[in-house]
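Here's the letter readout for the chains.
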Amino acid sequence: MRRYLIGMTALWLWASCTMETSHNGDLDGFWQLSAIDSLANGRSCDMRDSAYFWAVQGHLLELSNKRQKIPTIYCRFELTGGFLVLSDPVYSVRLIGDSLITNAAMLRPYRLTRLKDSLRVLRLDSERMTLESEVARLYFRKY
């Protein structure tokens, strides 16, 4: 009887715990921007030393630069139909708090042009990601 009670208690505890799982596949993780191609003029820029990072977890995307003093930006995202759709950007200043971004110019350091931006996913695997916006092709490596 004691074994039965212990087993039932363990089963009840296990069943009562809910774990949120991600359905992002290879997108989840920490990505470093490694290169940018301009679609307007065909020029390429090596970004490996720039310290721009995108961190993906759950339904949140964090855009940051680990060297420059620019605000960290958080966006909601959806990966669907070969597109990564970013929306609801806010910037975070540690001592002040979070503020909704209303001017798309704040997103330019991250090579985004709109408050709700849609990037075509050209490549996404466990090591590399390539995204294309209206103005640029962004190359990332998983860090």
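Because the structure is predicted, anything quoted here is derived from the model rather than measured.

On a plain count of helices and strands, the chain comes out with one helix and ten strands. Listed by position from the N terminus, the elements making up the chain come as α-β-β-β-β-β-β-β-β-β-β. Counting all 143 residues of the chain, 32% fall into the buried class. In the chain, once contacts between residues fewer than 6 apart in sequence are set aside, the share between residues at least 24 apart is 46%. Working note: accessible area of the chain is about 9,700 Å², and carbon and sulfur atoms make up 53% of it.

Mapped onto the fold, Cys75 is located in strand β5 (residues 72-80). Here Cys75 falls in the buried class, since its relative accessible area comes to 3%. Spatially, the C-alpha atom of Cys75 lies 6.1 Å from that of Leu86, the residues being eleven residues apart in sequence. Apart from the residues lying within four places of it in its own chain, the contact partners of Cys75 are His59, Leu60, Leu61, Leu63, Leu86, Ser87, Asp88 and Pro89.

Relative to the helices and strands, Asp46 is located in strand β2 (residues 44-46). Separated by twelve residues in sequence, Asp46 and Ser34 have C-alpha atoms that sit 6.2 Å apart. At 2.6 Å, the side chain of Asp46 and the side chain of Arg48 are in polar contact.

This part takes up the pairing of strand β3 (residues 52-57). In summary, the side chains of a regular strand alternate between the two faces of the sheet. Within β3, five of the six residues are buried, which leaves it mostly tucked inside the rest of the structure. Bridge count between strand β1 (residues 29-38) and β3: four bridges; the pairing is antiparallel. For Gln32, the partnering residue across the bridge sits in β3 and is Phe53. Where β3 meets strand β4 (residues 60-65), six bridges bridge the pair, whose relative direction is antiparallel. The residue of β4 that forms the bridge with Gln57 is Leu60. Taking the residues between adjacent antiparallel strands as the criterion, β3 and β4 are bridged by two residues, where Gly58 takes a positive phi near 60°.

Let's shift gears to the nonpolar core. Ranked by size, the top nonpolar core spans 25 residues in total, and within it Trp54, Leu63, Leu86, Leu112 and Phe140 carry the most contacts. Mapped by element, the contributors of at least two residues to this core are β1, β3, β4, β5, β6 (83-93), β9 (128-132) and β10 (136-142). Setting aside its immediate chain neighbours within four residues, Phe140 contacts Trp31, Gln32, Leu33, Ser34, Trp54, Glu127, Arg128, Met129 and Leu131.

Taken as a whole and assessed by the stated rule, the structure comprises five aromatic pairs. Ring centres of Phe30 and Tyr143 lie 6.0 Å apart, and the angle between their planes is 70°; this geometry places the pair in the edge-to-face category. In this pair, Phe30 sits in strand β1 while Tyr143 sits in the segment after β10, placing the two residues 113 residues apart along the sequence. A relative accessible area of 28% means that Phe30 is categorised as partly exposed. Taken together, a centroid distance of 5.3 Å and an interplanar angle of 75° make the contact between Phe53 and Tyr143 edge-to-face.

For the rest of this paragraph, the subject is the pattern of salt bridges. By the definition in use, this model includes five salt bridges. Ionic pairing is found between Asp125 and Arg123, a salt bridge with its closest N-O pair at 3.0 Å. Since its relative accessible area comes to 24%, Asp125 is described here as partly exposed. When its relative accessible area of 42% is taken as the criterion, Arg123 is described as partly exposed. Each of the salt bridges in this network shares a partner with another, and the network as a whole consists of Asp37, Glu132 and Arg137.

On average, residues of the chain score 85 in pLDDT, and 81% of them reach the 70 mark or higher. When mean pLDDT is taken per element in the chain, β9 scores highest with 98 and helix α1 (residues 2-16) scores lowest with 48.

Rules of the game
Residues numbered from 1 in each chain as written. Predicted model: local features only at pLDDT ≥ 70, side-chain atom pairs only at ≥ 80, totals over all residues. Heavy atoms only, no water. Helix = DSSP H or I, 4+ residues; strand = E, 2+ residues; numbered from the N terminus. Buried < 20%, exposed > 50% of the residue type's maximum accessible area, 1.4 Å probe, protein only. Contact = heavy atoms within 4.5 Å. Areas by Shrake-Rupley, 256 points an atom, 1.4 Å probe, with all protein chains shown as cover. Polar contact = N/O pair within 3.5 Å; in protein donor to acceptor, adjacent residues only side chain to side chain. Pairing = 2+ DSSP bridges. Core = buried A, V, L, I, M, F, W, Y, C linked by side-chain atoms within 4.5 Å. Phe/Tyr/Trp six-rings, centres within 6.5 Å; stacked < 30°, edge-to-face > 60°. Salt bridge = Lys/Arg side-chain N within 4 Å of Asp/Glu carboxyl O. pLDDT = per-residue confidence, 0-100.

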